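So you can see what is in the structure, the chains are spelled out below.
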Amino acid sequence: NEVRKAGAQDDASWSVKSIPPVTDIITGDSFELGGGAHHTPPPLKVAEMSFSGAAEALAAYPVRPRLRILPQEQTEGLWDAGDWGPLERFVTEEYIADTLWAFEPGFRRETTIPAADQMGTLPLPADHPERCQFLVAETLFGEMLALPRPAHEAVFYHIVIQDLCKAIPSFPKMMAKVVGQMFRQIGRMEFEARERLADWMAHHLSCFDLAWPWQSWVHVADQPSNHPQRTFCNSVVRRLCRLSYYDRVKESLPDELHCLVPNTPALNPDYILETLNGSSGALRDLQAFMKEKKPAGEVMEWLKTSGKLDALGRAGAAKALTVAALQHGQKCITHHNVLLKRYESALVELTKSDAEAGEDGCADVMVAAAAGVWAGAHPHMAVTAVSRLLELGLVAPNDVATWVQKSIDDETAAGTDEDGASRGVAWGTADAWDIACLAVETVAADREDREWRANAVKRKVDAAEAQAARAAADADRAASQGRHVDAGRAKEAIGRIEGKIAKLRAEMDDAALPVEHASAQLADSAGALCLALVKSLAPKLGDAAAAAAGPTPAEVGKDAEPEPRDARALAMCVAALRRFRSYVGAEYEGKVREALGGASTEVATALGEAMSGRMGFSGAGMIE
């Protein structure tokens, strides 16, 4: 607009109040040094570079992501004379980002963490304190919601915002206005950014007595269940029920919003009834065996001799046994573990592959059973049950990918939304997203842990080598000075250190192997999930991708149109591909390219850009 153009052309508006002057402004071609001497700087030559477009330039020189939430007059002014200039916002954002970078490593939870403490003392202009706080809040949320991943762990931003709310009395009000503005525009926000914002909000409210001005959001009670604003509120309340007592969460909400609270935590009776009907009564017998604490060997023998194994097949028997174990261990996570460990051998025998019989493994049925037992009936136990299976090694991340693909291909085998997921967990629901992310992030965390251990050994080797070098220097110095006794002692020390180095090098070599194995497993897990999503969803989401490629709807607030199921499925698929693309190796990237070969232009473009970015393999390239 004209105001911004006029401000940009005004030399005075380019002064930066956030940078304290350290010297006088230099004018002319030279300046005076101390003692009356003059210095003329050499001519400055700026290298010229050209790019085919903005995408190529950003790929070569990536910039820090910036999120504009509030109107310009609230964060930087309109660049009027004597007001903030156009560089003020840029410098302030860099101050905040650099402060987070400098004080994040190894932060410890104290009264106020160093990053938040420093954030309150930044040299920002004092003429508009409310503008500074708006800008700090907006920048923190922009950093936290950056895609594909924020620069630091999301919980770090949570704690910084919490500490600023405690330290600055006026900051909570400013922060709440930023959140309110994001809520009004939630329809424009990417799926993963919404989920990350819901994570933050639930964590924040759980630390501040669940206090929030919910009255301004009561209109979501009249919205359809798939409206963007209502979906976001559902995500927040669902996460709150994980972090606080169910009744306390319900009491903190206005009566109008009680419709957002999940059902009272319990098992999914519809899924259990379906399993009972499909097991020829085997589930009832297995439930009796659980009460009697029969060992796995006897249960397996009963399945074989009773004819139930032949009637149900290995997959059906594994499903019934998993449901029986989880139902009997529903009281707590420890009971889950005890029952799963007790019948581990039977579950492994039922689900392992049999090369001689030509049967593939079917461990994915355990994932389906663990998720289905709690689907739509508990805010977090479906994810927890699957995590127990992964932790105990009963299922692998690739089994989760197989389950995702089967649940998408067989739409009648799972529910279609959060409330109607009576027969299992469908892609498009929050549980499905959390389970898919859990499978890959578990392997990523294992690799990170192994890398840390390997690096710790390497640091010991480097320290020992430095110690040996110092001892060698001491020996040479002592020998040159004729101190032969000291030289002999130094050489003995060198021998001991070299022996220590040899042991550490062997330990380092041993530590490198698990890192390589974990990296390969991570690439395989992430690639299998991404490939499963693309294979299953690409043929089905042509209309949703075409709609997403069109112009953004004019209304994205409370009067926005509800999100179709396919649109949410596409958004989740794009988020998963973007999140895990850095883990996927060349082998699976080629398979994804091949899977997208027959997809529509819009689907290939949307999923291709999510997988490899705008400068990776593009939709057009895949179609060719």
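As the structure is a computational prediction, the values presented were derived from the model and not from experiment.

Conventions adopted
- Residues numbered from 1 in each chain as written.
- Predicted model: local features only at pLDDT ≥ 70, side-chain atom pairs only at ≥ 80, totals over all residues.
- Heavy atoms only, no water.
- Helix = DSSP H or I, 4+ residues; strand = E, 2+ residues; numbered from the N terminus.
- Buried < 20%, exposed > 50% of the residue type's maximum accessible area, 1.4 Å probe, protein only.
- Areas by Shrake-Rupley, 256 points an atom, 1.4 Å probe, with all protein chains shown as cover.
- pLDDT = per-residue confidence, 0-100.
- Contact = heavy atoms within 4.5 Å.
- Expected span 1.5 Å × (residues − 1).
- Bend = angle between axes of the 7 residues up to and from the residue.
- Axes fitted to C-alpha atoms, helices over the stretch in contact; angles between N-to-C directions.
- Parallel < 35°, antiparallel > 145°, perpendicular 65-115°, else oblique.
- Left-handed = near helix turned anticlockwise from the far one by under 90°.
- Nonpolar A, V, L, I, M, F, W, Y, C, P; charged D, E, K, R; others polar.
- Patch = residues over 30% accessible without salt bridge, like charges linked within 9 Å, V, L, I, M, F, W, Y side chains within 5 Å.
- Salt bridge = Lys/Arg side-chain N within 4 Å of Asp/Glu carboxyl O.
- Core = buried A, V, L, I, M, F, W, Y, C linked by side-chain atoms within 4.5 Å.
- Polar contact = N/O pair within 3.5 Å; in protein donor to acceptor, adjacent residues only side chain to side chain.
- Phe/Tyr/Trp six-rings, centres within 6.5 Å; stacked < 30°, edge-to-face > 60°.
- Lys NZ or Arg CZ within 6 Å of the ring centre and 35° of its normal.

## Some remarks on the overall build of the chain
The helix and strand inventory of the chain stands at 27 helices and two strands. The buried share of the chain, taken over its 624 residues, is 45%. Summed over its atoms, the accessible surface of the chain is roughly 31400 Å², and 52% of this surface lies on carbon and sulfur atoms.

## Some thoughts on the confidence of the model for the chain
Per-chain confidence: the chain averages 83 in pLDDT, with 89% of residues scoring 70 or above. Here helix 27 (residues 619-623) is the element of the chain with the lowest mean pLDDT, 33, and helix 9 (residues 191-207) is the one with the highest, 94. Here residues 414-422 is modelled with pLDDT under 50, and outside its nearest four sequence neighbours on either side it reaches 24 contacts, counting other chains as well. Long-range and interchain partners of residues 614-624, a stretch whose pLDDT sits below 50, account for 21 contacts in this model, where long-range means more than four residues apart.

## As for helix 15 (residues 308-328)
The end-to-end C-alpha separation of helix 15 is 20 Å, well short of the 30 Å expected for 21 residues at 1.5 Å each. The largest bend along helix 15 reaches roughly 90° and is located at R314.

## Comments concerning the packing of helix 7 (residues 154-167) against helix 9
Between helix 7 and helix 9, the shortest axis-to-axis distance is 10 Å and the interhelical angle comes to 40°. Relative to helix 9, helix 7 is oriented oblique. Crossing geometry of helix 7 relative to helix 9 is assigned as right-handed. Taking contact as the criterion, the partners of V155, H158, I161, Q162 and C165 in helix 7 are, on helix 9, D199, W200, H203, H204 and C207. For the contact of helix 7 with helix 9, a count of residues per class yields five nonpolar, four polar and one charged.

## Focus: a nonpolar patch on the surface
Together, M49, F51 and Y61 make up a nonpolar patch on the protein surface, roughly 320 Å² of accessible area in all. Positionally, M49 belongs in the loop between strand 2 (38-39) and helix 2 (54-60). On the accessibility criterion, M49 (53% relative accessible area) is exposed.

## A word on the nonpolar core
Of all hydrophobic cores here, the largest spans 98 residues; its most connected members are L321, W427, L533 and L607. If we skip the residues at most four places from it in the chain, L321 touches L286, M290, V299, Y343, A346, L347 and L350. Membership of the second largest hydrophobic core comes to 60 residues, among which are I69, L70, I186 and V237.

## Side note on the environment of S216
Considering the arrangement of structural elements, one finds S216 in the loop between helix 9 and helix 10 (228-243). Along the chain, S216 and G180 lie 36 residues apart, while their C-alpha atoms are 9.1 Å from each other. Within polar-contact distance, the side chain of S216 engages the backbone oxygen of P213 at 2.9 Å.

## Concerning the pattern of salt bridges
Tallied over the entire structure, the rule returns 26 salt bridges. With its nearest N and O atoms 2.2 Å apart, the salt bridge here joins R89 to E138. You can see R89 sitting in helix 4 (residues 86-103) and its partner E138 sitting in helix 6 (residues 129-144), a full 49 residues away along the chain. Residue R89 is classed as buried on the basis of its relative accessible area of 3%. Measuring nitrogen to oxygen at the nearest pair gives 2.4 Å for the salt bridge that ties R239 to D199. Remark: D199 occurs in helix 9 and R239 occurs in helix 10; sequence separation between them is 40 residues. Judged by relative accessible area, which is 4%, R239 ranks as buried.

## Some thoughts on unusual backbone geometry
Residue P148 follows L147 across a cis peptide bond; omega there is 5°. Its location among the elements puts P148 in the loop between helix 6 and helix 7. Phi at S280 is positive, roughly 55°, even though this residue is not glycine. Position of S280 among the secondary structure elements: in the loop between helix 12 (269-278) and helix 13 (282-292).

## A look at the packing of aromatic side chains
For any pair of aromatic rings, the description consists of the separation of the ring centres together with the inter-plane angle of the planes. A full pass over the atoms with the stated rule returns 10 aromatic pairs. Summarising the aromatic geometry, the rings of F183 and W217 are spaced 3.9 Å apart at their centres and angled 15° between planes, so their arrangement reads as stacked. Remark: W217 occurs in the loop between helix 9 and helix 10 and F183 occurs in helix 8 (residues 171-184); sequence separation between them is 34 residues. When its relative accessible area of 3% is taken as the criterion, F183 is described as buried. For W217, a relative accessible area of 5% translates into the label buried. A ring pair is formed by W212 and W217, whose centres lie 5.8 Å apart and whose planes are at 65°; its orientation type is edge-to-face. As far as burial versus exposure is concerned, W212 and W217 are alike and both buried. Ring pairing ties together the aromatic residues F183, W212, W214, W217 and F232, which thus form one cluster. Directly above the aromatic system of Y588 lies the positively charged group of K591, at a separation of 4.7 Å from the ring centroid.

## Structural notes on the side chain of R131
Looking at the secondary structure, you find R131 in helix 6. Under the relative-accessibility criterion, R131 is labelled buried at 7%. Excluding residues that lie within four positions of it along the chain, R131 makes contacts with E73, Q74, T75, E76, G77, D83 and W84.

## Digging into the environment of R459
As for its position among the elements, R459 is in helix 21 (residues 430-480). Its relative accessible area of 48% is what places R459 among the partly exposed residues. Placed 49 residues apart in sequence, R459 and M508 show a C-alpha to C-alpha distance of 9.9 Å.

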